[in-house]
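A closer look at the structure
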Amino acid sequence: MALSFVDILIIVVYLAGCVTAGVWVRRYVRAVEDFALARREMDVHLGVASLAATELGVVTVMYTAQLGFQYGFAGATPGVLMAFWMFLVGMTGFIIRPLRAAKVMTIPELFERRFGKLVRWLAGFVVVLGGVLNMGIFLRLGGEFLVHVAGLPAPYLEWVMTGLLMLVLLYTTLGGMISVLVTDYLQFLVMGGGIVLTSLIVLQEAGWQRLAMTLLQANQKQFVFVVSPAEPPQPAGAEASGSISSTRKPEAHHSEQSSPPIKKIHIGFPLHPFGPGAPGALWVMWQALVALAAITTWQTTVARVLAARDEHKACAIYRRTAFYFVGRFALPGLWGAAACAYFYRQGGLPAGVDDLTAMPHYLGLILPAGALGIVIAGMLAAEMSTDSGYLLTWATVIYNDLVMPCLKRPLTPAARLLLIRILVVLIGVFLIFWGLWYELPGTAWDYLAVTGTIYLASLFTLLVAALYFPAANATGAVAAILMGAIGPVGFVFVNALTPPDSPWRISPEVAGFSAFALAALGMIGGSLAGRLWRGQPREKPTGGENK
């Protein structure tokens, strides 16, 4: 379906209103703490809306829908695990209570108090490396969604990505966290309406019982989607050479006239993650580790803790946001599962569409005029809130933990504010180039989980040790940082340089588990070795008691 005038009007009005609101609040930014942490005055309701908006971007919708396409309802497993840990952490105050009480701007800043400046700098570097690589595919996936759902020509993808980022950079650079919080609140409302509306239309088209039966049937028949070589996606709903019809057969992909397939997609057991063709127990265990580490150390999430008025409100934000993470995975996962069932009934995927882009292509086929504009506005809201929050977070870490410790003379308040704004822009420029050429090695979620683990494993180990392990020292901290990054960095670069059938490729589970295991080993072994070899005195944790 092509965009109607009503759809375009809805999108333009939303973008204009959101950017205007973000730019307007720039007057309240006077210092770096205003820019990075909104003066630490965030209350519970605004914190919930901001955290929910930041952690649901178009990239979230794309990777959760991809999991739903491949694994049905079992694809929501990471969301269930994340909700469980988030509620438990919010109830107990594990990590986040003493972290907020320490009144730091970033996690690495806490490490300087406990382990020294070198550890702070190394931790900041790992945070930025993992975070920026993780964010590197956000614009690409956002562009893929908009191009497929709106039926735009493929060359528009780069322009859509760049234009959207320019709008985000405009208000984020001027207003910082204050702009992010204000626009997050607006985006949360628009995004919520778009997601609910889309889910209702999808359920009406797919039918709950028919959807479950279709997915089970596809799994039992061991149906395989064979993806044709990429072609410019056709406008959604158009009857063209790349379109599908109700009479199309799966075998058509294997005919002599068609191009050779480049990818095969097996349909996993859709009801739980332990059935035939499902991810399996090892994947679930890895996801449980990633979920716990993410909610306690992922800097964009923790930024809301550090911006809260006090530790009690920080815990309340976690408790009230917990169940939202189930919906964050389940609803877009439902769209992906419905797309799988739809194309299974049609006999296959259109040319140039795979498991990642099947969901937006499917939505473009079923959404009526008006609803399409609301949904696209909602997804733009999701993308903008995520991009702004992440840009601000990584710029703050670079400023606070990489640049400032290296300066011999303190900067003036105006120079400090200018510096962090320049860093926001530089990260945005890098993301455009990385997003244009990097090719995903596997599913989008696996890439995000592994690149996030570059710092999740080591930072989680360091944070637990700094707050709860008195025997930890700087030697163990350095060892944990270096050893924890080996597996994920290897996954990113080895898999980018080797062909898909190479025996040297690293699986996501192996990369993830090795990161956590090596980080823990480095912390324990390094701390013991440092104490024996250097005769270090017993160190006391700073701000570490969880009262």
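Please read these numbers as outputs of a predicted model, since none were measured by experiment.

**A word on the overall build of the chain**
- Along the chain, the regular secondary structure elements total 22 helices and 2 strands.
- Out of the 547 residues belonging to the chain, those deemed buried represent 61%.
- In the chain, once contacts between residues fewer than 6 apart in sequence are set aside, the share between residues at least 24 apart is 87%.
- A total of about 21,300 Å² of accessible surface is found on the chain, and carbon and sulfur atoms cover 68% of it.

**A word on the pattern of salt bridges**
- Inspection of the entire model under this criterion finds 4 salt bridges.
- Note that Arg-120 and Glu-112 form a salt bridge whose closest N and O atoms lie 2.4 Å from each other.
- The shortest N-O distance in the salt bridge between Arg-345 and Glu-205 comes to 3.5 Å. Taken together, the residues Arg-345 in helix H15 (residues 324–346) and Glu-205 in helix H10 (residues 156–206) connect sequence positions 140 residues apart.
- Residue class for Arg-345 comes out partly exposed when judged on its relative accessible area of 29%.
- Taken together, the salt bridges that share partners define one network made up of Glu-112, Arg-120 and Asp-401.

**Some thoughts on the packing of helix H4 (residues 58–71) against helix H16 (residues 358–366)**
- Two elements in contact, H4 and H16, have axes separated by 9 Å at closest approach and are oriented at 95°. By the angle between their directions, the pair H4 and H16 is classed as roughly perpendicular. Here H4 contributes Val-61, Met-62, Ala-65 and Phe-69 to the contact with H16, which in turn contributes Ala-358, Met-359 and Pro-360.
- Here the residues of the contact of H4 with H16 sort into 7 nonpolar, no polar and no charged.

**Re the confidence of the model for the chain**
- On average, the chain scores 77 in pLDDT, and the residues at 70 or more come to 78%.
- Across the chain, helix H5 (residues 77–92) holds the top mean pLDDT of 92, while helix H2 (residues 32–37) sits lowest at 52.
- Confidence over residues 541–547 falls short of pLDDT 50; this stretch has 19 contacts with residues more than four positions distant or in other chains.

**A few points about H16**
- Taking burial as the measure, the 9 residues of H16 include 8 buried ones, the bulk of the element.
- Of the positions making up H16, those classed as buried are Ala-358, Met-359, Pro-360, His-361, Tyr-362, Leu-363, Gly-364 and Ile-366.

**Description of the nonpolar core**
- Within the largest apolar cluster, 163 residues are counted, with the highest numbers of intra-cluster contacts made by Phe-111, Phe-225, Tyr-362 and Leu-363.
- Sorting elements by how many residues they give to this core places helix H17 (residues 371–403) first, with 17 residues.
- Non-local contacts of Leu-363, meaning those with residues more than four positions away in its chain, are made with Phe-145, Val-149, Thr-198, Val-202 and Trp-335.

**Topic: helix H9 (residues 138–150)**
- Along its 13 residues, H9 runs 18 Å from first to last C-alpha, staying within 8% of the 18 Å computed at 1.5 Å per residue.
- With 13 of 13 residues buried, H9 is to be regarded as a mostly interior element.

**Side note on unusual backbone geometry**
- At Ile-95, a residue that is not glycine, the phi angle is positive and equals roughly 70°.
- Mapped onto the secondary structure, Ile-95 falls in the loop between H5 and helix H6 (96–101).
- Of note, the phi angle at Lys-103 is positive, near 60°, even though the residue is not glycine.

**Section: the environment of Leu-133**
- Checked against the element boundaries, Leu-133 lands in helix H8 (residues 117–135).
- By relative accessible area, which is 6% here, Leu-133 ends up buried.
- A sequence separation of 321 residues divides Leu-133 from Ile-454, and the C-alpha atoms of the two residues are 9.4 Å apart.

**Structural notes on the packing of helix H12 (residues 281–297) against helix H13 (residues 299–307)**
- Following both chains from N to C, one finds H12 and H13 inclined at 45°, their axes separated by 6 Å at the closest point. Accordingly, the angle class assigned to the pair H12 and H13 is oblique. Residue-level inspection shows Ala-294, Ile-295, Thr-296 and Thr-297 of H12 in contact with H13, the latter providing Gln-299, Thr-301 and Val-302.
- Of the residues in the contact of H12 with H13, the class split is 3 nonpolar, 4 polar and no charged.

**Topic: the environment of Met-213**
- In this fold, Met-213 is placed in helix H11 (residues 208–220).
- Overall, Met-213 belongs to the exposed group, its relative accessible area being 52%.
- Between the C-alpha atom of Met-213 and that of Ala-341, which follows or precedes it by 128 residues, the distance is 9.2 Å.

**A look at a nonpolar patch on the surface**
- Residues Phe-5, Val-6, Leu-9 and Val-13 make up a contiguous nonpolar surface patch of roughly 410 Å² in combined accessible area.
- Among the structural elements, Leu-9 can be located in helix H1 (residues 5–24).

**Examining the packing of aromatic side chains**
- Taken as a whole and assessed by the stated rule, the structure comprises 12 aromatic pairs.
- Aromatic side chains Trp-121 and Phe-125 sit 5.9 Å apart centroid to centroid with 5° between the ring planes, which places their arrangement in the stacked category. Residue Trp-121 and its partner Phe-125 are located together in helix H8, separated by 4 residues, close to a single helical turn.
- Three or more aromatic residues link up through ring pairs in this structure, and these residues are Phe-69, Phe-223, Phe-225 and Tyr-344.

**Comments concerning the environment of Val-425**
- For Val-425, the location among the structural elements is in helix H18 (residues 413–437).
- Note on Val-425: relative accessible area 33%, which makes it partly exposed.
- In the structure, Val-425 is positioned 34 residues away from Leu-391 in sequence and 8.4 Å away in space, judged by C-alpha atoms.

What counts and how
- Residues numbered from 1 in each chain as written.
- Predicted model: local features only at pLDDT ≥ 70, side-chain atom pairs only at ≥ 80, totals over all residues.
- Heavy atoms only, no water.
- Helix = DSSP H or I, 4+ residues; strand = E, 2+ residues; numbered from the N terminus.
- Buried < 20%, exposed > 50% of the residue type's maximum accessible area, 1.4 Å probe, protein only.
- Contact = heavy atoms within 4.5 Å.
- Areas by Shrake-Rupley, 256 points an atom, 1.4 Å probe, with all protein chains shown as cover.
- Salt bridge = Lys/Arg side-chain N within 4 Å of Asp/Glu carboxyl O.
- Axes fitted to C-alpha atoms, helices over the stretch in contact; angles between N-to-C directions.
- Parallel < 35°, antiparallel > 145°, perpendicular 65-115°, else oblique.
- Nonpolar A, V, L, I, M, F, W, Y, C, P; charged D, E, K, R; others polar.
- pLDDT = per-residue confidence, 0-100.
- Core = buried A, V, L, I, M, F, W, Y, C linked by side-chain atoms within 4.5 Å.
- Expected span 1.5 Å × (residues − 1).
- Patch = residues over 30% accessible without salt bridge, like charges linked within 9 Å, V, L, I, M, F, W, Y side chains within 5 Å.
- Phe/Tyr/Trp six-rings, centres within 6.5 Å; stacked < 30°, edge-to-face > 60°.

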